[in-house]
Amino acid sequence: MKIGALIRLALIALLLALVLRPEWFTWAFAPFAPPGGPVIYTRASLLSLALSHLGLVALASTASTLIAVTLAVLVTRPAGAAFRPLSRTITNIGQTFPPVAVLALAVPALGFGAGPTLVALFLYGLLPIFENAMTGLSTLPPATMEAARGIGLSRWQRLVRVELPLAMPVILTGIRLSVVISLGTATIGSTVAARTLGEIIIAGLLTNNTAFVLQGGLIVGLFAVLIYDALVQLETYLSWRLGARRARG
Amino acid sequence: MLSRPGLLFAALGAAAIFLPFLTLAANRIVAGQGVPIWSLAQAAPGLVALVLGLALGVISRPALRLLGAALGLAGLLWLLVQGSNALLSDAGEFARVSPAAGFWCLLVVLSLLMADALGALSPGPWARAALLALTVGLVALLLRSGALSDLSIMQEYASRKSGFQTAALRHLGLAFGSLAAAALIGLPLGIACHSSARLREATLPVLSFLQTIPSLAMFGIMIPILGWIATAVPGAKAIGIAGIGFAPAFFALVLYSLLPVVANLLAGLQSTPPEAREAARGMGMTGFQRLIKVEFPLGLPVILAGLRIVLVQNIGLAVIAGLIGGGGFGTFVFQGLNQTATDLILLGTLPTVALALISAITMDILVELATPTAERTR
């Protein structure tokens, strides 16, 4: 556990240094740059690219979470039951669509830039969250639900105070899957002119400059791994709190 | 009794009829002009079939809804073939006709209607396999017949026939080759993890972190590593290892595939009921015999489900190979994005999506066939 925390801190420090002070790493990337070519990507500030990248993912993931959880709540109510098989079919089929294909197909419909990337991230992000929210909301312990009904909670109170908190760890897993996919897809978004960290990798690929590729790859990879890890920690904490509350109650 | 999803489909489909159905452009690059359904020549039969199909979809009997979906799709096809033919016959030499928003929306609505009706009928695995074969056969026949050759995307295909075949083979090679390699590495690794808890605790987190790394970054990081191997290891270059092209894409895909293979193998092997394991031990089976004769067959559905995840994931990720010179359908996707040529983008994405769907359905059927019958009916 302690080693884990140390590694985490070291990785965060490395990531911050790579983004804020890229010139510190000139010695490390120099062997990969073409002779006489630039070693460190300077066409845009790495910080602005990182912020724009994370902003896109955060915006898309928030929107997907809101819509997907709302849809999952609607489908798990008695009135929405008729749509349950259909929604399951849609999530199954939708998830076989490659994220890159969704991104590429958004371009003819919406043009280039951040717009299609945002829409593709949003649409693809819906599926894992919806799937997990539906699983979480439809596999609640019947005894707990009966008790909630028994103490006279209204439908809305049951949803907000019992069902959603109980389903939260499963929903969070869905959000984590969706965020990880979004981070990766946003990287490819730079091929459709969205401002993301993928720009560095693409620039490296176009000019045969492996130093850029490596630099961009390391930054994106570190971001993904650290965000994934942070969300896992959050899930563990929430399930622990849920368990603790249940034990106390 | 009416089907509520059917009502939704009917409303969406009716709205989509009013969207532009085809676009007519002066050449392959410029933006085209939308053409609505009713201004197409001889649109009446197709339109009638479409409306009738959507109306049948409202009925709650699944068989009738399936019929409705099939009728609607037939109408859609009629409109596409007739419409593109008629539009091109009085347009310029370089004119291009492509399906527009209306067509795609109707296609999605009708396909969902079909999927919903099929889901309600819940056909067995063999019936599903037959349906899949029938659908693929019909689409292949349609593409072969040349009825769609007026469409812009088919013209892009016609001018790139040999390139398309190379890309298709390369894409299949990447997706299935990496699946095979991942299975070869992952199955022994998973079995080793199954018997050693320490190895398991060391391996699984590493594999799941590998999976988190965004694909473009992973492909990029593979380039210098494989470039170094190619120059440092004697003979590596001779077997085709290089910093750019097929090799980095292939190795990146293998790394991504390891987690689903190993994790599902473990889950499958551990799902053996303790009574079955106990009985096998009582019969005097050795550890290896138990693994092969009891644990592996019982875990097969879960193991196959892991391979399904890998296959679908790799078919999608192999598109990225197009960015690092690895070939595959991604070549067309990124060329199309560079030239803002929509049809070229579609020429890359549609086969990829079709391949992913066919693989997913096939693997689902295999998973179901591997599941013991008693469990399947439960």
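A quick note: this is a predicted structure, and the numbers were derived from the prediction, not measured.

Student: Sorry, what's going on with the overall build of chain A here?
Tutor: For chain A, the count of helices and strands is 10 helices and 0 strands. Along the first, second and third principal axes, the C-alpha set of chain A runs to 75 × 50 × 25 Å. For chain A, buried positions account for 49% of its 249 residues. Intrachain contacts of chain A at a sequence separation of at least 6 include 76% that bridge at least 24 residues. Of the side chains in chain A, 17 bear a positive and 7 a negative charge, and the two mean positions are spaced by 8 Å.

Student: What should I look at first to understand the interface of chain A and chain B in this one?
Tutor: Quite often, the size of an interface is put as the accessible area lost when its parts meet. With 41 residues of chain A at the interface, the matching set in chain B holds 39 residues. Looking only at chain A, the three residues that lose the most surface to chain B are A:L86, A:T96 and A:L205, adding up to 16% of its buried area. The interface formed by chain A and chain B contains 1 residue pair in polar contact (both at pLDDT 80 or more). Elements supplying a minimum of two residues to the side of chain A that touches chain B: α4 (84–96), α5 (99–110), α8 (155–188), α9 (198–206) and α10 (210–248) of chain A. Per-element accounting of the side of chain A that touches chain B gives the leading share, 11 residues, to α10(A). Counted by class, the side of chain A that touches chain B contains 30 nonpolar, 10 polar and 1 charged residues.

Student: Hey, could you run me through the UniProt feature "domain: ABC transmembrane type-1" (unreviewed entry) in chain A in this one?
Tutor: UniProt records the feature "domain: ABC transmembrane type-1" (unreviewed entry) for residues 50–231 of chain A in the present numbering. Note that residues 50–231 of chain A is 83% helix and 0% strand, and that its end C-alpha atoms are spaced 19 Å apart.

Student: Can you walk me through the UniProt feature "transmembrane region" (unreviewed entry) in chain A in this structure?
Tutor: Following the UniProt record, the feature "transmembrane region" (unreviewed entry) maps to residues 52–76, 97–127, 166–188 and 200–228 of chain A here. Annotated as 90% helix and 0% strand, the span residues 200–228 of chain A places its first and last C-alpha atoms 22 Å apart.

Student: Got a minute to help me understand the UniProt feature "domain: ABC transmembrane type-1" (unreviewed entry) in chain B in this structure?
Tutor: Within this numbering scheme, the UniProt entry marks residues 168–363 of chain B as carrying the feature "domain: ABC transmembrane type-1" (unreviewed entry). For residues 168–363 of chain B, the end-to-end C-alpha separation is 20 Å, with 81% helix and 0% strand making up the annotated structure.

Student: Any chance you could explain the domain arrangement of chain B here in plain terms?
Tutor: All names here are of chain B. By the assigned domains, chain B splits into domain 1 (4–155) and domain 2 (161–377). Between domain 1 and domain 2 lies a buried interface of about 1200 Å² when both sides are counted; carbon and sulfur atoms form 67% of it. Of all residues in domain 1, P125, L132 and I153 bury the most surface against domain 2, accounting for 43% of the area lost on that side. In this assembly, domain 1 and domain 2 are joined by 1 salt bridge. Between R128 and E368 there is a salt bridge, with its nearest N and O atoms 3.0 Å apart. Here domain 1 is connected to domain 2 by 2 residue pairs in polar contact (both at pLDDT 80 or more). Residue assignment for the side of domain 1 that touches domain 2 shows that the elements contributing at least two residues are α5 (125–145) and α6 (152–158). Tallied by class, residues from the side of domain 1 that touches domain 2 come to 8 nonpolar, 2 polar and 2 charged.

The rules behind these values
- Residues numbered from 1 in each chain as written.
- Chains lettered and ligands numbered in written order.
- Predicted model: local features only at pLDDT ≥ 70, side-chain atom pairs only at ≥ 80, totals over all residues.
- Heavy atoms only, no water.
- Helix = DSSP H or I, 4+ residues; strand = E, 2+ residues; numbered from the N terminus.
- Buried < 20%, exposed > 50% of the residue type's maximum accessible area, 1.4 Å probe, protein only.
- Contact = heavy atoms within 4.5 Å.
- Lys, Arg positive; Asp, Glu negative; His and termini not counted.
- Charge placed at Lys NZ, Arg CZ, Asp CG, Glu CD.
- Buried area = accessible area lost by both parts, 1.4 Å probe.
- Polar contact = N/O pair within 3.5 Å; in protein donor to acceptor, adjacent residues only side chain to side chain.
- Nonpolar A, V, L, I, M, F, W, Y, C, P; charged D, E, K, R; others polar.
- UniProt positions renumbered as here; feature names shortened; annotations may be inferred.
- Domains from an automatic or database assignment.
- Salt bridge = Lys/Arg side-chain N within 4 Å of Asp/Glu carboxyl O.

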